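If you want the building blocks of each chain, they are given just below.
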Amino acid sequence: MEKLSQKRAPIYEALERFRRNRVVPFDVPGHKHGRGNPELVELLGEKCVSIDVNSMKPLDNLCHPVSVIKEAEELAADAFGADHAFLMVGGTTSAVQTMVLACCKKGDKIILPRNVHRSVINAMVLCGARPIYVNPDVDHGLGISLGMKREDVRAAIEANPDAVAVFVNNPTYYGICSDLKAIVDMAHEKGMKVLADEAHGTHFYFGKDLPVSAMEAGADIASVSMHKSGGSLTQSSFLLTGKGMNPGYVRQIINLTQTTSGSYLLLSSLDISRRNLALRGEQSFRMVTELAEYARAEVNKIGDYYAFGREMVNGDSIFDFDPTKLSIHTLDIGLAGIEVYDILRDEYDIQIEFGDLGNILAYLSIGDRIREVERLVTALADLKRRYKKDKTGMLSQEYIAPKVVMTPQDSFYAEKESLPLSETKGRICSEFVMCYPPGIPVLAPGEEITDEIINYIVYAKEKGCSMTGPEDEKIERLNVLV
Amino acid sequence: MEMWFSDIHTDGVKLSIRIEEQLFSSQSEVQRIDVLESKDFGKILVVDGDLMLTERDEFIYHEMITHVPMAVHPDVRQVLVVGGGDGGVVRELIKYDTIETIDVVEPDPLLVEVCRKYIPEIANSLTDDRVSIFHEDGLRFIRSKGDVYDLIIIDSPNPFGAGEGLFTKEFYGNCFNALHEDGIMINQNESPFYTEEAFQCQRMHKRIVETFPICRVYQAHIPSYPSGHWLFGFASKRYHPLDDLDKVAWKLRGIRTKYYEPRLHAGVFALPAYVEELLEDVERK
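Residues numbered from 1 in each chain as written. Chains lettered and ligands numbered in written order. Predicted model: local features only at pLDDT ≥ 70, side-chain atom pairs only at ≥ 80, totals over all residues.

Colleague: Which residues make up the overall build of chain A, and what values do they have?
Modeller: Summing up its helical and strand segments, chain A has 15 helices and 20 strands in all. Looking at chain A residue by residue over its 482 residues, the buried ones come to 52%. (Helix = DSSP H or I, 4+ residues; strand = E, 2+ residues; numbered from the N terminus. Buried ≥ 20, exposed ≤ 12 C-beta atoms within 10 Å, placed from the backbone.)

Colleague: An account of the interface of chain A and chain B is needed here, citing residue identities and associated values.
Modeller: Contact with chain A, which involves 12 residues of that partner, is made by 13 residues of chain B. When contributions to the side of chain A that touches chain B are tallied by element, the ones reaching two or more residues are helix 12 (337–348) and helix 13 (370–387) of chain A. Sort the elements by how many residues they give to the side of chain A that touches chain B and helix 13 of chain A lands first, with 10 residues. Broken down by class, the residue content of the side of chain A that touches chain B amounts to four nonpolar, one polar and seven charged. (Contact = placed C-beta atoms within 7 Å. Nonpolar A, V, L, I, M, F, W, Y, C, P; charged D, E, K, R; others polar.)

Colleague: A description of the packing of helix 1 (residues 10–20) of chain A against helix 4 (residues 68–80) of chain A should follow, citing residues and the corresponding values.
Modeller: All names here are of chain A. Orientation of helix 1 relative to helix 4, taken along the N-to-C sense of each, is 150°, at an axis distance of 8 Å. Considered as vectors, helix 1 and helix 4 are oriented roughly antiparallel to each other. Contacts between helix 1 and helix 4 involve Pro10, Ile11 and Ala14 on the former and, on the latter, Val68, Ile69, Glu71 and Ala72. Of the residues belonging to the contact of helix 1 with helix 4, the class tally is six nonpolar, no polar and one charged. (Axes fitted to C-alpha atoms, helices over the stretch in contact; angles between N-to-C directions. Parallel < 35°, antiparallel > 145°, perpendicular 65-115°, else oblique.)

Colleague: Help me get a handle on unusual backbone geometry, residues and values and all.
Modeller: Here the bond from Val28 of chain A into Pro29 of chain A is cis, since omega is 0°, no more than 30 degrees from zero. Note on placement: Pro29 of chain A falls in the loop between helix 1 and helix 2 (38–44). Cis geometry marks the peptide bond from Asn170 of chain A to Pro171 of chain A, where omega comes out at -5°. Located in the positive-phi region is Arg22 of chain A, a residue other than glycine, with phi close to 50°. For Arg22 of chain A, the position within the fold is in the loop between helix 1 and helix 2. Residue classification places Arg22 of chain A among the exposed positions, given that 7 C-beta atoms sit within 10 Å. The backbone of Glu190 of chain B shows a phi angle near 65°, a positive value even though the residue is not glycine. On the secondary structure map, Glu190 of chain B appears in the loop between strand 10 (179–188) and helix 7 (195–209).

Colleague: Quick one: what's the story with the packing of helix 5 (residues 91–103) of chain A against helix 10 (residues 247–257) of chain A, residue by residue and with numbers?
Modeller: Residue and element names in this part refer to chain A. Close contact between helix 5 and helix 10 brings their axes to 9 Å; oriented N to C, the two are set at 125°. As summarised for this structure, helix 5 and helix 10 are arranged oblique, according to the angle between their axes. At the point where helix 5 passes helix 10, the crossing takes the right-handed sense. Contacts between helix 5 and helix 10 pair Ser94, Gln97, Thr98, Leu101 and Ala102 from the former with Tyr249, Val250, Ile253, Ile254 and Thr257 from the latter. Looking at the contact of helix 5 with helix 10 residue by residue, the class counts come to six nonpolar, four polar and no charged. (Left-handed = near helix turned anticlockwise from the far one by under 90°.)

Colleague: Could you give an account of the sheet that holds strand 10 of chain B, with specific residues and numbers?
Modeller: Residue and element names in this part refer to chain B. One open sheet accounts for seven strands, arranged 8-7-6-9-10-12-11; its pairing is mixed. The open sheet terminates on both sides in strands that have one partner only, identified here as strand 8 (131–134) and strand 11 (214–221). The sheet shows a mean angle of 15° between the axes of neighbouring strands, direction not considered. Bridge analysis of strand 11 against strand 12 (residues 229–236) gives eight bridges, and the strand direction is antiparallel. (Pairing = 2+ DSSP bridges.)

Colleague: Residues and numbers for the sheet that holds strand 15 (residues 359–363) of chain A, please.
Modeller: Residue and element names in this part refer to chain A. Spatial strand order, 11-13-15-14: four strands in an open sheet with antiparallel pairing. Sheet topology places strand 11 (306–307) and strand 14 (354–355) at the edges, where each strand pairs with a single neighbour. Of the strand pairs in this sheet, strand 11 and strand 13 (residues 325–329) are connected by two bridges, and their pairing is antiparallel. Its bridge partner being in strand 13, Ala307 is matched across the sheet by Ile328.

If you want it as structure tokens, here you go:
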């Protein structure tokens, strides 16, 4: 078959044909092109509800693609330089879970940094894999976790020759990349697969002068949040595989947990967003980088804020930096990042991606314009004028090395009791605790609770971080093993 | 041939003016600019489809946004006009020989050029020696300024579109910072009549009340603007708009005006009950 042009968008085109044919629906969804739910049409618009349709022959089937979805997957694989691409409708969470489930079985060891997204450890609860954590390097001044050092990865591989996979963030939420190529070489030499979480790295595949993408670096499988920097609808995502993976098996794993009613709104948004990036991505991301560089320079001119960038690169644990990320250290104005995050929203009507104890992250993308960047910078200047105070007593977010006692699965399903937070010291936790976003666990199932962790949770709650994970929604109690 | 320009005031209300001739139309990097000629309103400046000013009634807006603070602050030397590329505010300001510098921040060079060409009676004021024009974003301009102005006049278009940043708390906060310790900030505060504008009116007032110790609102009747009933915000660090009004001193300056009058000054701060209520509603919170 002749290769399709990146100018095509097979799913979108099929939906257009379908609409023109005015097919009478005696199938689900029951709103029947919106007629049965006028309020929904009022909210979403006629065009939107008319393409909210079911799988059918002319539109293909996400569980077993043979026509237009298959073509969309082939085009995506081509655009991303992958062997195979899968359209995902359960968020990048489901892509990440599929990566782990496709590479690890019960008892298998997987080498990974501890600053992973919760979905990675969730997948281990499901499959029973055993985490071998590599402590990421830490920048103590900024209070952020960095990438993994090559030597630390090598040591973990040598100490665990039976491990089946190495998991890498490419990049972290803050835009920091490990030396992915070197890690791929080390892992492949020992027959281990390399899994890359590229939730924040979609643009690496299209922009120039950006960090290396997982597929280019030779990783075996990667999860790409198309809905983050790629511009598709929330919850839509790509899973990419390289030569080392069997696509038929990966599809089976996806079908273990993914819906059989994949939304065509999500699928078509992936299709046209892929087309957009393939055709115009390079130029768009150059513009995003320029905006971010401008914002960094302007924020640093205000003083007391530190918008960090490529000067951080150290050749190892910060092997590369994603210049589209706008992360700003706020502790020197005497405010935690989460406090700045709240003030920006409540008083300036500016919503940023997240704030942690020492930093904020403003997410810039292909939808941003200079005028909004001016607002953000000006608001930060005004915020400093009004709120700047002494920073004594401010904690920064220190990385807390976990004490792993059991696998996530064994501890999650073990017999447990609920204790007040203050009485949990020394016990083994059976659930997650994390600030969301960024969703990187402070505690994961199977880890020992320490004073340091308890203090961190209390302080983060006090500063207004939104904590999630435990059964007790107020996070006053934790489930621990009996 | 009949040609009409309609300024859309709400989804269901518009003001239509019969047009004799379209004098100019072009898209700049920032916005679309049109100049129209009409019998009843004279020349009309239209930006992105919205009526900005008409030759016939612009004096009301420009006099009221300028002379009210000028009659209160006893010693204005440094002035900043944000927006105002049409030169209307500056034309009023240069009537005061005590003013030393007037900075005008107008992002769009084409707007200034077009106004100079088509409405020179208004825009020629911009050639005054005391005037410096900065073609940059208002937010960017203001955030590097501290303690430099006696008076800031925010002559911004509307809160939806390119000028949105000039209706924000961060902008008012940086204006506060750019003013001397006895400085005054005046903003056009939209109309209180239609629901959507009334909401913007409240929002602006709330942001300013949170920023300045003295905040009062005054009104004028501007026939070509939505509902014709227009508000201005008077925000000040020290001077009170009525208690510190010096009618005699202003009269002695011998400045000629067509709308502003020291006797009118006290009256324009007396607002209709529903407008008072609208404003008090956000002052309490």
